[in-house]
Amino acid sequence: MKISKETIPEISPNTLAIVGFQDDDGFFTRIVEQDEKDDYETTWSTHQVMNYTCKGFGISLQGLLDGTRMLSGITHKPPIAIDRISGMYFFPVESPLRKSCTWIAHSHVLEVEREDTHFTRVVFKNGRDILLNVSYASIINQVYRTAQYRYLLSNNIEHVLEHSQFVSEPPLHRKR
């Protein structure tokens, strides 16, 4: 695995998870990609990685968290939509303000498996998996809350598109 201390982390639709961890030297982040050969680690915290990625799409991490809270009412560990078009929906497994918070790409989750009381395995659609020190119930709750948020966001966007006859660009795939 590549260790990138200088490279700016890039999160893409191929990213499965952003895994935070701490060792004696500080906080690090492992970017887990679809192909294991593309995984890498960075000295950036997960909060820094996520905030940088969000800003690349025109909004801060805090702005996305606030938007989720406003739209869904989810106040603790809210999921975010970095980019709806490419399916970049992520949910945190602990407080997103923690430097070591792990983020999971909702679109890539195939199943969640209980390992024991405090460990849960997330299996991705491509067969890769990660083991998290989080309860099964907590992860399942996050998966379902993210699905609910995606539904609410989609309905909100559809409502906006219904009233977009005054927009100068042609509408995107509007159903009549």
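Before any of the text, the structure's been laid out above.
A brief structural summary. Since this is a predicted model, take the numbers as computed values, not measurements.

### Re the pattern of salt bridges
Following the criterion strictly, the structure yields seven salt bridges and no others. With its nearest N and O atoms 2.8 Å apart, the salt bridge here joins Arg98 to Glu94. In this structure Glu94 comes out as partly exposed when scored by relative accessible area, which is 22%. Close ionic contact of Arg121 with Asp129 constitutes a salt bridge, the shortest N to O distance being 2.7 Å.

### Structural notes on the pairing of strand β3 (residues 26-33)
Among the eight residues that make up β3, six are buried, leaving the element largely enclosed by the rest of the structure. In this structure, strand β2 (residues 15-23) lies alongside β3, joined through eight bridges in antiparallel fashion. Bridge pairing links Ala17 to Val32 in β3. Hairpin connection, β2 to β3: the antiparallel pair is bridged by two residues. The hairpin formed by β3 and strand β4 (residues 40-42) contains six residues between the paired strands.

### Remarks on the packing of aromatic side chains
Throughout the structure, instances matching the rule amount to two aromatic pairs. Between Phe21 and Phe28 the ring centres are 5.8 Å apart and the planes differ by 20 degrees, which places this aromatic pair in the stacked class. Classification of Phe28 by relative accessible area gives buried; the value is 9%. A ring pair is formed by Trp44 and Tyr52, whose centres lie 5.4 Å apart and whose planes are at 90 degrees; its orientation type is edge-to-face.

### Describing the packing of helix α1 (residues 46-56) against helix α2 (residues 61-72)
Where α1 meets α2, the axes come as close as 8 Å, and the angle between the chain directions of the two elements is 85 degrees. When the interaxial angle is binned, α1 and α2 end up roughly perpendicular. Across the interface between the two elements, His47, Met50, Asn51 and Cys54 from α1 touch Leu61, Gln62 and Leu64 from α2. Partitioning the contact of α1 with α2 into residue classes produces four nonpolar, three polar and no charged.

### What about α2?
The end-to-end C-alpha distance of α2 is 16 Å, a good match for the 16 Å that 12 residues give at a rise of 1.5 Å each. Among all positions in α2, only Leu61, Leu64, Leu65 and Thr68 are buried. What you see down the axis of α2 is that its buried residues fit within an arc of 100 degrees, all on one side. Of the residues flanking the end of α2, it is Gly73, one or two places downstream, whose phi is positive at about 80 degrees.

### Some details on the sheet that holds strand β8 (residues 109-116)
Here three strands make up an open sheet; going across it, the order is β8-β9-β10 and the pairing antiparallel. Two strands bound the open sheet, and with one partner strand each, they are β8 and β10 (129-132). Each adjacent strand pair in this sheet contributes to an overall mean axis angle of 20 degrees, direction not counted. Here β8 runs beside strand β9 (residues 119-124); their pairing, made up of six bridges, is antiparallel. From the neighbouring strand, Val112 faces β9, where its bridge partner is Val122.

### Digging into α1
Looking at α1, one finds that the buried residues are Thr46, Val49, Met50, Asn51, Thr53 and Cys54. A positive backbone phi angle near 95 degrees is found at Gly58, which sits one or two residues after α1.

### Details of the pairing of strand β6 (residues 88-92)
The element β6 is extensively covered by neighbouring structure, given that five of its five residues are classed as buried. Here β6 shows no split at all, with Met88, Phe90 and Pro92 on one side and Tyr89 and Phe91 on the other all buried. Inspection of the sheet shows strand β5 (residues 80-83) paired to β6 by three bridges, in the antiparallel sense. Bridge assignment links Asp83 to a residue of β6, and that residue is Met88. For β6 and strand β7 (residues 103-105), the ladder comprises three bridges, and the chain directions are antiparallel. Pairing of Pro92 across the sheet is with Trp103, part of β7.

Rules of the game
Residues numbered from 1 in each chain as written. Predicted model: local features only at pLDDT ≥ 70, side-chain atom pairs only at ≥ 80, totals over all residues. Heavy atoms only, no water. Salt bridge = Lys/Arg side-chain N within 4 Å of Asp/Glu carboxyl O. Buried < 20%, exposed > 50% of the residue type's maximum accessible area, 1.4 Å probe, protein only. Helix = DSSP H or I, 4+ residues; strand = E, 2+ residues; numbered from the N terminus. Pairing = 2+ DSSP bridges. Phe/Tyr/Trp six-rings, centres within 6.5 Å; stacked < 30°, edge-to-face > 60°. Axes fitted to C-alpha atoms, helices over the stretch in contact; angles between N-to-C directions. Parallel < 35°, antiparallel > 145°, perpendicular 65-115°, else oblique. Contact = heavy atoms within 4.5 Å. Nonpolar A, V, L, I, M, F, W, Y, C, P; charged D, E, K, R; others polar. Expected span 1.5 Å × (residues − 1). Arc of directions from axis to C-beta.

By themselves these figures say nothing about function.
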